[in-house]
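# Observations on the model geometry
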Amino acid sequence: MDLRALRYFIETVRHNSFTQAAEALHVTQSTVSKMVRQLEGEIGQPLLIRDGRQLRLTDVGKVVFERGQDAVEGVRRLTREVADLTELSRGELTVGMPPMVNLLFPPVVKRFCERHPAIRLTLQEAGGQLIEQRVAAGELEVGATLLPVAPALGLATRSFGRYPLQVIGPRHATWARAAGPVSLAALRDEALILLEDDFSLTRRIREAFGDARFEPRIAARSGQWDFLVAMAAAGLGSTLMPAPLLTRLNIGPELAVRPLAEPAFDWHVALIWKPGHYMSHAARAWLRVCEEVLAQPQP
């Protein structure tokens, strides 16, 4: 059914006149008459009884008029909602964010919310590996994780920061007795306290130890980075943390802090998304804001 013909028919009934309907629609009277006849042809039934200058609805015409108004209004609402989403005046977005990475994003969230106040933004916290899987499966449009990402997931990445890792542990630890950076080899026999296995940082640590051809001695695990430091302060072992976290941790005098010597083994943070998949206007706006804010030097 031609939606335009339906709209012309509804206006004709409302004005009870082809002439007035044509004026309201800014078309000629002949155009309105033609479109109404076309609609009657499509339905296969007369819709109007032309009685002199008066127009009366047939039984079928009454149904078409009543239901047609709903259809036209539904299309109007659809058009408005599509325009709202396109113009970012409404919508919602969920972004996957590892708990350790989220400390880099408050300036991004602030600018995004200021620029797009009508978008409902949700940050879904999970380990980096789980976020990668959710983005690859289409459950999340965008997220953040640590590089490298498994090539088999087929994710697009955009790096926005590389930060050195720091070794934190009791002052009596063997590696803490020497000055200067700490090598992975110096941690070979040390008890380590790491994040849970679904965190990308733990994956990177395991890979680095594997490249060095020895297994780490893992004494404890936790999903909270501040608890890792508390356990290190209690003397349970040493942990590895990205440098940006140190300003947010309570590093007491009982703890030693040294940079990790291997420069290639760092905290390399990136945005991820699934290339070739539909990306909402809100998700594209998020990537644009990330590009603006994270490209700037942060205080």
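You'll find the structure just up there.
The rules we used
Here the residue index of a chain counts from 1 through its sequence in written order. Totals for whole chains, interfaces and linings use every residue, but because this is a predicted model, local features are given only for residues with pLDDT of at least 70 and side-chain atom pairs only at 80 or more, for both listing and counting. Only hydrogens and water are removed before side-chain values are computed, so all heavy atoms of the structure are retained for them. The secondary structure listing takes helices from DSSP runs of H or I that are at least 4 residues long and strands from runs of E that are at least 2 residues long, numbered from the N terminus. Three labels apply to residues, based on accessible area from a 1.4 Å probe with only protein chains included: buried if under 20% of the type maximum, exposed if over 50%, partly exposed otherwise in between. Throughout, a residue-residue contact means that at least one pair of heavy atoms, one from each residue, lies within 4.5 Å. By the convention used here, strands pair only if DSSP detects at least 2 bridges between them. Here the axes come from fitting lines to C-alpha atoms, over the contacting stretch only for helices, and the angles between their N-to-C directions go from 0 to 180 degrees. For this classification, under 35 degrees means roughly parallel, over 145 means roughly antiparallel, 65 to 115 means roughly perpendicular, and everything else is oblique. By definition, turning the near helix anticlockwise from the far helix through less than a right angle yields a left-handed crossing, and turning it clockwise yields a right-handed one. Side-chain classes follow a simple rule in which Ala, Val, Leu, Ile, Met, Phe, Trp, Tyr, Cys and Pro form the nonpolar group, Asp, Glu, Lys and Arg form the charged group, and the remainder, Gly included, forms the polar group.

## Let's talk about the environment of G143
Among the structural elements, G143 can be located in strand β5 (residues 142-146). For G143, a relative accessible area of 2% puts it in the buried group. Taking the C-alpha atoms as reference points, G143 and K274, 131 residues apart in sequence, are found 10.0 Å from one another. Apart from the residues within four sequence positions on either side, G143 is in contact with V95, G96, I131, V135, A270, L271 and I272.

## Focus on the sheet that holds strand β7 (residues 165-170)
Two orientations exist for strands paired in a sheet by backbone hydrogen bonds: parallel and antiparallel. If you walk across this open sheet you meet the three strands as β10-β7-β11, and the pairing is antiparallel. The open sheet has two edge strands with one neighbour each: β10 (239-242) and β11 (255-259). Each neighbouring strand pair of the sheet contributes to a mean axis angle of 30°, computed without reference to strand direction. By the bridge criterion, five bridges tie β7 to β11 in an arrangement that is antiparallel. Bridging across to β11, V167 finds its partner in R258. The strands that helix α8 (residues 225-233) touches are β7, β10 and β11; relative to β10, the one it contacts most, it runs at about 140°.

## Comments concerning the packing of helix α1 (residues 3-15) against helix α3 (residues 29-43)
Between α1 and α3, the least distance of the axes is 8 Å, while the angle of their chain directions is 115°. By the criterion of interaxial angle, the relationship of α1 to α3 is roughly perpendicular. Seen along the crossing, α1 lies across α3 with a hand that is left-handed. Counted together, R4, A5, L6, Y8, F9 and T12 of α1 and T31, V32, M35, V36, Q38 and L39 of α3 form the full contact between these two elements. Across the contact of α1 with α3, the residue classes tally to eight nonpolar, three polar and one charged.

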